[in-house]
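Okay, here's what each chain looks like letter by letter:
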Amino acid sequence: ARLSGLGSYVCSKMNYHEYCSHEYTGIHTALHGLLEEKEKVEQEHKARLQLIAAKEELVKRNEELEAEIQSLKRKLQASEASDTPAQGSGREHNQSGRQVQITSVQKRKRQSEGHAGEDAEEHEAAEILCVMNSHEQGLSAELRDVREETSNINAELIKGFLDMGGVGRQNITVKYMGQLSERPFLLACLRKFLRKEAEAEASRLCKFWQEQLMNPEWYPFKCDTTGGISETINDDDVKLQELRATWGEESYKALVKALVNSFLELKECGKLSDRTIVAQLWNFKEDRKATLSESVEYVCSKVKSLSNKNV
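The name an unreviewed UniProt entry assigns to the chain is Factor of DNA methylation 1-5/IDN2 domain-containing protein, from the organism Aegilops tauschii subsp. strangulata.

Take a look at the structure:
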C-alpha cells in the first residue's frame, strides 16, 4: 500500500512538472513573440519618422522648385513681351502644354494621397521630383533659346536699319553706344574759329578724344567706394587739365559732359573694360533704347508708307 501511494505521488508530481514545462514553453514563446512584435513596431515607427522627414524635405524642395519655375516663367514672359506676335504665339502654346503637364502631375498627386503604403508615397515623390526637374530643365533650355532668338532678331533689325540708311534723326534708328558726337566739339570750336576752320578743328578734336575714350587704360573718373564708375571727373587728370587750359571753362564742361555720357553708354552695354562701340536700336524721340516690338512696328510703318507712295 505504501508503494502504491508513493507511486501515485510520483505520478502526480511528474504530471505537474510536465504541465509546468508546457506552461513555461507557452509563456516563453508568447514572450518571444511580444519582443519580436515590439521590435517590429519600433522599426515601423522609425521608418515612419524617416518617411515624414523625407516628405517634409520633399515639400520644401517642391516649394523651392516652384519658386524657381515661377521666376523662370516671369523672365520668359518678359522676354516674350518684346518678341514678334508669331513667335510669342508659339511660345504661349508651349507654355500651355507645360501647364497641362504640371496640372496632370498635381492631379495624380491628389489621387495618390488617399493610397496607403510607403511604396506608393515614395513612388509619388520620385515621380513629382522627376517631372519638376524635367520641367525646370525644359524652361531653362527654352529661356536660353529665347535669349538667343531675341539677340538674332535684334542683330537682323540693326542690319535692316543700316541697309535702309537708318542712322540719323529718325524716331527709331541705330545709335552707336560709346561714340562721341561731334556737335559739342563744333560748338566749342565756333567760339574760337570761323565756320570752315571750326568744322575741321572739331573733327580733329572729336577724333582725338574718341581715341582716348577707346583706350582702356584711360580712366578720368574718381573711383567710388564700391570700385565702380562714379561720374565724378578727376580734375587732376593731365589730359583734362590740358583741355580746360586750351578751351576754357564753358567748352571744358560741355566736352566733359559728352565724355561722361559716352563712358556711361559703354558701361550700360558692358563694354567699359574693352571699350568697344556697340550698335543699338534707339528711340531718339524718348531718348532710350528701342524695344524689339516698337522697332518692328516702326519698320512696318515705313514699309507701308513707301508702298503707299509707290501706288
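Across its full length, the chain carries seven helices and five strands. Ordered by position in the sequence, the α and β elements of the chain form the string α-α-α-β-α-α-β-β-α-β-β-α. Taken over 311 residues, the chain has a buried fraction of 28%. When contacts within the chain are restricted to residue pairs at least 6 apart in sequence, long-range pairs at least 24 apart make up 65% of them. With the model as given, the accessible surface of the chain reaches about 20900 Å², and the carbon-plus-sulfur share is 54%.

Next up on the list: the pattern of salt bridges. According to the stated counting rule, one finds eight salt bridges in the structure shown. Here Lys175 ties to Glu265 by a salt bridge, and the two come within 2.8 Å at their closest N and O atoms. One end of the pair, Lys175, is in strand β1 (residues 172-177); the other, Glu265, is in helix α6 (residues 238-268), with 90 residues separating them in the sequence. For the pair formed by Lys175 and Glu265, the shared burial category is buried. Among the salt bridges present, the one from Glu286 reaches Arg288, with a minimum N-O distance of 2.7 Å. Through salt bridges with shared partners, one network takes in Glu286, Arg288 and Glu294.

This paragraph deals with the side chain of Arg275. Tracing the backbone through its elements, the reader meets Arg275 in the loop between α6 and β4 (278-283). Here Arg275 occupies a buried position and makes no salt bridge, while the nearest side chain of opposite charge, Asp274, is found at 7.3 Å. A polar side-chain atom of Arg275 sits 2.8 Å from the main-chain carbonyl oxygen of Asn215. Within the structure, Arg275 has its side chain in polar contact with the backbone oxygen of Trp218 (distance 2.8 Å). Apart from the residues lying within four places of it in its own chain, the contact partners of Arg275 are Gln212, Leu213, Met214, Asn215, Pro216, Trp218, Tyr219, Phe263 and Leu266.

What follows concerns the confidence of the model for the chain. Residue-level pLDDT values for the chain average 74, and 60% of them are 70 or greater. The least confident element of the chain, judged by mean pLDDT, is helix α2 (residues 85-112) at 52; the most confident is helix α5 (residues 195-213) at 94. Low pLDDT (under 50) marks residues 85-91, which in the prediction has eight contacts with non-local residues, meaning those over four places away or in another chain.

Before going further, it helps to spend a moment on the packing of aromatic side chains. The description of two aromatic rings rests on the distance between their centres and on the angle between their planes. Under the definition given, this model contains seven aromatic pairs. Taken together, a centroid distance of 5.2 Å and an interplanar angle of 85° make the contact between Phe208 and Trp209 edge-to-face. On the basis of relative accessible area, Phe208 is assigned to the partly exposed category, the value being 34%. Seen in terms of ring centroids, Tyr219 and Phe263 are 6.5 Å apart; in terms of plane orientation they differ by 85°. Their pairing is edge-to-face. Of this pair, Tyr219 sits in the loop between α5 and β2 (221-223) while Phe263 is found in helix α6, placing the two residues 44 residues apart along the sequence. These aromatic residues form a ring-pair network of at least three members: Phe208, Trp209, Trp218, Tyr219, Phe221 and Phe263. The ring centre of Trp247 lies 4.7 Å from the NZ or CZ of Lys192, which sits over that ring.

Moving on to the packing of helix α4 (residues 183-190) against α6. When two helices pack together, their arrangement is captured by the angle between the axes and the distance separating the axes. Two elements in contact, α4 and α6, have axes whose closest approach is 9 Å; the angle formed by their N-to-C orientations is 175°. Considering the angle they form, α4 stands roughly antiparallel to α6. Across the interface between the two elements, Pro184, Phe185, Ala188 and Cys189 of α4 pack against Trp247, Ser251, Ala254, Leu255 and Ala258 of α6. For the contact of α4 with α6, a count of residues per class yields eight nonpolar, one polar and no charged.

Let us look at α4. Where α4 is concerned, the buried positions are Pro184, Phe185, Leu186, Ala188 and Cys189. Looking at the buried positions of α4, the neighbouring elements they touch are α5 and α6.

Turning next to a negative patch on the surface. Taken together, the side chains of Glu36, Glu37, Glu39, Glu42 and Glu44 make up a negatively charged region of the molecular surface. With respect to the helices and strands, Glu44 occurs in helix α1 (residues 2-81). Exposure remark for Glu44: the relative accessible area of 46% places this residue in the partly exposed category.

With that settled, the discussion passes to the packing of α5 against α6. Taken N-terminus to C-terminus, the directions of α5 and α6 make an angle of 55°; their axes are 11 Å apart at the nearest point. Viewed along their axes, α5 and α6 adopt a mutual orientation that is oblique. When the axes of α5 and α6 are compared, the crossing they make is right-handed. In contact with Glu201, Leu205, Trp209, Gln212 and Leu213 of α5, α6 contributes Lys239, Leu240, Leu243, Trp247, Leu255, Leu259, Ser262, Phe263 and Leu266. Grouping the amino acids of the contact of α5 with α6 by side-chain chemistry returns ten nonpolar, two polar and two charged.

In this section: unusual backbone geometry. The backbone of Arg275 shows a phi angle near 55°, a positive value even though the residue is not glycine. Relative accessible area serves as the criterion here: at 4%, Arg275 is assigned to the buried category.

Rules behind the numbers
- Residues numbered from 1 in each chain as written.
- Predicted model: local features only at pLDDT ≥ 70, side-chain atom pairs only at ≥ 80, totals over all residues.
- Heavy atoms only, no water.
- Helix = DSSP H or I, 4+ residues; strand = E, 2+ residues; numbered from the N terminus.
- Buried < 20%, exposed > 50% of the residue type's maximum accessible area, 1.4 Å probe, protein only.
- Contact = heavy atoms within 4.5 Å.
- Areas by Shrake-Rupley, 256 points an atom, 1.4 Å probe, with all protein chains shown as cover.
- Salt bridge = Lys/Arg side-chain N within 4 Å of Asp/Glu carboxyl O.
- Lys, Arg positive; Asp, Glu negative; His and termini not counted.
- Polar contact = N/O pair within 3.5 Å; in protein donor to acceptor, adjacent residues only side chain to side chain.
- pLDDT = per-residue confidence, 0-100.
- Phe/Tyr/Trp six-rings, centres within 6.5 Å; stacked < 30°, edge-to-face > 60°.
- Lys NZ or Arg CZ within 6 Å of the ring centre and 35° of its normal.
- Axes fitted to C-alpha atoms, helices over the stretch in contact; angles between N-to-C directions.
- Parallel < 35°, antiparallel > 145°, perpendicular 65-115°, else oblique.
- Nonpolar A, V, L, I, M, F, W, Y, C, P; charged D, E, K, R; others polar.
- Patch = residues over 30% accessible without salt bridge, like charges linked within 9 Å, V, L, I, M, F, W, Y side chains within 5 Å.
- Charge placed at Lys NZ, Arg CZ, Asp CG, Glu CD.
- Left-handed = near helix turned anticlockwise from the far one by under 90°.

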